[in-house]
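# Breakdown of the fold
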Amino acid sequence: MRLTQATNYSIRVLLYCAVNPDRPSRVADIAATFDMSETHLFKILKVLVDHKFIETIRGRHGGLKLGRPAEEIKLGDVIAATEESFQMAECFSEEGHKDCPLILSCEYNRVLREALGAFFAVLDRYTVADIAKDRSMLRGALGIDDLLHGALASA
């Protein structure tokens, strides 16, 4: 199984906001940090805002912040919201793949469902707060403190 780039960026955006709780995170800064267009970021943000993982703040000093505490945002919930499909094989849908002669006797579908359940069971044990534990290291890696110092110097 492979997660989409949108899901990967969604987790990154949540991580960015989690380690920057004292002020709204700017879309331009996040896009620059992850070397992506703001247009692409807005598509990702739509899903995060719709599911209340992210909250937008309008105005001159606006930006993004977590929509709820990082401790309440389970990674499994984010991945379930951002991925379009978890159909791991043609026969994985409820209707099944009608061309397969094994559809009524094969246990493959059941095994895949069990594996997917285990995948989400692990993800649901972790939150955004869990992966944002080392805040100072992450802030440095994301360049957040450099942005803050640059903003204060130009003010």
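To be clear, the structure that these remarks concern was listed above.
Residues numbered from 1 in each chain as written. Predicted model: local features only at pLDDT ≥ 70, side-chain atom pairs only at ≥ 80, totals over all residues. Heavy atoms only, no water.

### Points about a nonpolar patch on the surface
On the surface, Met1, Leu3 and Met88 cluster together into a nonpolar patch covering about 270 Å² of accessible area. With respect to the element layout, methionine 1 can be found in the segment before helix H1 (5–18). (Patch = residues over 30% accessible without salt bridge, like charges linked within 9 Å, V, L, I, M, F, W, Y side chains within 5 Å. Areas by Shrake-Rupley, 256 points an atom, 1.4 Å probe, with all protein chains shown as cover. Salt bridge = Lys/Arg side-chain N within 4 Å of Asp/Glu carboxyl O. Helix = DSSP H or I, 4+ residues; strand = E, 2+ residues; numbered from the N terminus.)

### Looking at helix H7 (residues 135–142)
For H7, the complete set of buried residues consists of Leu138, Arg139 and Leu142. The buried residues of H7 occupy an angular sector of 100° when the element is viewed end-on, so they sit on one face. The exposed set on the far side of H7, more than 90 degrees from its buried face, consists of Ser136 and Ala141. Positive phi appears at glycine 143, one or two residues downstream of H7, with a value of about 75°. (Buried < 20%, exposed > 50% of the residue type's maximum accessible area, 1.4 Å probe, protein only. Arc of directions from axis to C-beta.)

### Concerning H1
For H1, with 14 residues, the first-to-last C-alpha span of 20 Å sits near the 20 Å given by 1.5 Å per residue. Of all 14 residues that make up H1, 10 are buried, and the element is covered over most of its length. Buried within H1 are the following residues: Thr7, Tyr9, Ser10, Ile11, Val13, Leu14, Leu15, Tyr16, Cys17 and Ala18. (Expected span 1.5 Å × (residues − 1).)

### Concerning the pairing of strand E1 (residues 54–57)
Examined bridge by bridge, E1 and strand E2 (residues 63–66) share 4 bridges and lie antiparallel to one another. Paired with threonine 56 across the two strands is leucine 64, which belongs to E2. Linking E1 to E2, which pair antiparallel, is a turn of 5 residues; within it glycine 59 sits at a positive phi near 105°. (Pairing = 2+ DSSP bridges.)

In short, geometric facts, not functional conclusions.
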